[in-house]
Amino acid sequence: MNSLDILAMGVRNLWRRKVRSLLTVLGVIIGTAAIVVMISLSVGIEDALIKQFENMGDLSVIEVWPGYSGNSRTVIDNEMMDKISEIPGVEIATPLYDSYARIIADRYEVTTSIMGIKPEALPYLGIEIAEGRLLTEGDDLHMLFGGQVPQRFQRPSSTSGMRGGYYDYNQQNSEPLVDVMEVNLKLTYDMGWDNSRQYEQYRAEAVGIIGGEAYNRYSYSVIMPLDTVVRLAQENGSDNNRSGRFEPEYNQVMVKAASLDDVAGIKEGIQAFGLQSYSLNEILEEAKKSTELIRIILGGIGAISMLVAALGITNTMVMSIYERTREIGVMKVLGAKLADIGKLFLVESALIGLFGGIAGLGVSFGISYILNNVIMG
């Protein structure tokens, strides 16, 4: 018997036992769909998890703080910044220098955090602009407003909130009283607490307003060029460096890794300097370990379904052999070899697996699409 004869006979035999063959194929469809859907579902869970973390912030950004060990403290100064920037995989690193100041816009004012950042680092920090532009090199007394700051402007004598425009929960959804992009702004470190000295008022200009999520780490801050904030804080005696040295000490550093694969190595290098560090990628990696366990469990469930389908094919073939002993005897009398008879049953089982597998893949793709795109979004 040649291969075509065996194949044709196998198809005819399956067609003669349509109900049994259909039920066996259905078992293979269920088994195939189960294992593919289970694995696809675990992959979908991991993708949804990654998207959720990406919405929380850039996974390749590492936050760094001064380190503490016993009574000793590892500070972040310009020398330490040079060391951090030289770590392999660092795309850019910028210190953050925080101070508090009062911004005056005609009859309104707000007391807010002033965050000094290197302008060249802003494009790497995932900051979205709702209006205007980012800070650029050459900017000095220029401001990039957090999305919630314009709404906090109040009149100094306002009874609806505290003097200086501290956050007023009754106004969190109201329209801003000041269009910071159009009005003339003044910046002063005079908080009204020290009447013994005269504070200078600096003419400032808004260049943009941060958009994106309703609340993020920049929502309640005003970003200005790092050198400007350091200079103003030192001129007004409000810098957070109490050592008396001219060189500032930074309270935080934002490090942008060239790729996610570099994050772990950069963190090790930072910690080797005695500094503290944090990245969303850490939590993501821990979460991925959990999803890997889920994937193994779901894959195991699917594999059991596939094993049951395989046992169903085996059972069908064994029962077919017992029922077709007379047919097998006739084939041997006509000159068929035992190898040809064995091939016949293998072809029949292969056809069941082939039809069931193809149909199962089609079903699983449809189910996976619904689960990953419709239900899980």
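Scroll up a little and you will see the structure.
What follows concerns the overall build of the protein. From N to C terminus, the protein includes eight helices and 12 strands. Taken across its 377 residues, the protein has 44% of its residues classed as buried. Taking as baseline every contact in the protein between residues at least 6 positions apart, the subset at least 24 positions apart corresponds to 77%. When the accessible surface of the protein is split by element, carbon and sulfur atoms take 57% of a total near 20500 Å².

Turning our attention to the environment of Ala-310. Along the chain, Ala-310 turns up in helix H6 (residues 280–323). Taking the C-alpha atoms as reference points, Ala-310 and Gly-353, separated by 43 residues in sequence, lie 8.4 Å from one another.

Of all five residues that make up strand E1 (residues 61–65), four are buried, and the element is covered over most of its length. Taken together, the four bridges between E1 and strand E11 (residues 252–257) define a ladder with antiparallel strand orientation. Looking at E11, one finds that Glu-63 is bridged to Met-254. The sheet contact formed by E1 and strand E12 (residues 276–279) spans four bridges and is antiparallel. If you follow Trp-65 over to E12, its bridge partner there is Gln-276.

Per the stated rule, a full pass over the model turns up five salt bridges. The residue Arg-102 makes a salt bridge to Glu-109 at a minimum N-O spacing of 2.7 Å.

Moving on, we get to a nonpolar patch on the surface. On the surface, a cluster of nonpolar side chains totalling about 410 Å² of accessible area is made up of Val-19, Leu-23, Leu-26 and Ile-30. Relative to the elements of secondary structure, Leu-26 occurs in helix H2 (residues 18–56). For Leu-26, a relative accessible area of 42% gives the class partly exposed.

One pass over the full model with this rule turns up one aromatic pair. Between Tyr-97 and Tyr-250, the ring centres sit 6.2 Å apart and the planes meet at 85°, which makes this aromatic pair edge-to-face. With a gap of 153 residues between them, Tyr-97 in strand E4 (residues 90–105) and Tyr-250 in the loop between helix H4 (226–235) and E11 connect regions that are remote in the sequence. Neither Tyr-97 nor Tyr-250 differs from the other in exposure class; each is buried.

In this fold, Glu-109 is placed in strand E5 (residues 108–117). By relative accessible area, Glu-109 is classed as buried at 4%. Sequence-wise, Glu-109 and Leu-185 are 76 residues apart; in three dimensions their C-alpha atoms are separated by 9.3 Å. Within the local environment of Glu-109, its side chain forms a polar contact with the side chain of Arg-102, the two groups lying 2.7 Å apart.

Below, the discussion takes up the nonpolar core. Core analysis: the largest hydrophobic core is formed by 47 residues, its most contacted members being Ile-103, Phe-145 and Val-255. Ranked by the residues each element gives to this core, the list is headed by E4, at six residues. Dropping the residues within four chain positions of it, Val-255 is found in contact with Ser-60, Val-61, Ile-62, Val-64, Ile-84, Val-90, Ile-92, Ala-93, Ile-266 and Ile-270. In terms of nonpolar packing, the next biggest core, distinct from the first, is built from 17 residues, Ile-29, Met-331, Ala-336 and Phe-345 among them.

What follows concerns the side chain of Ser-221. Looking at the secondary structure, you find Ser-221 in strand E10 (residues 221–225). On the basis of relative accessibility, which here comes to 7%, the residue Ser-221 falls in the buried class. Ignoring any residue separated from it by four or fewer positions in sequence, one finds Ser-221 in contact with Thr-112, Ser-113, Met-115, Leu-144, Phe-145, Gly-146 and Val-149.

Among the secondary structure elements, Ser-60 is positioned in the loop between H2 and E1. In this structure the side chain of Ser-60 is engaged in a polar contact, spanning 2.6 Å, whose partner is the side chain of Lys-256. When near neighbours in sequence (up to four residues on either side) are disregarded, Ser-60 contacts Val-255, Lys-256, Ala-257, Leu-260 and Val-263.

Cut-offs applied
- Residues numbered from 1 in each chain as written.
- Predicted model: local features only at pLDDT ≥ 70, side-chain atom pairs only at ≥ 80, totals over all residues.
- Heavy atoms only, no water.
- Helix = DSSP H or I, 4+ residues; strand = E, 2+ residues; numbered from the N terminus.
- Buried < 20%, exposed > 50% of the residue type's maximum accessible area, 1.4 Å probe, protein only.
- Contact = heavy atoms within 4.5 Å.
- Areas by Shrake-Rupley, 256 points an atom, 1.4 Å probe, with all protein chains shown as cover.
- Pairing = 2+ DSSP bridges.
- Salt bridge = Lys/Arg side-chain N within 4 Å of Asp/Glu carboxyl O.
- Patch = residues over 30% accessible without salt bridge, like charges linked within 9 Å, V, L, I, M, F, W, Y side chains within 5 Å.
- Phe/Tyr/Trp six-rings, centres within 6.5 Å; stacked < 30°, edge-to-face > 60°.
- Polar contact = N/O pair within 3.5 Å; in protein donor to acceptor, adjacent residues only side chain to side chain.
- Core = buried A, V, L, I, M, F, W, Y, C linked by side-chain atoms within 4.5 Å.

So, to be careful, I would describe these as geometric facts and stop short of saying anything about function.
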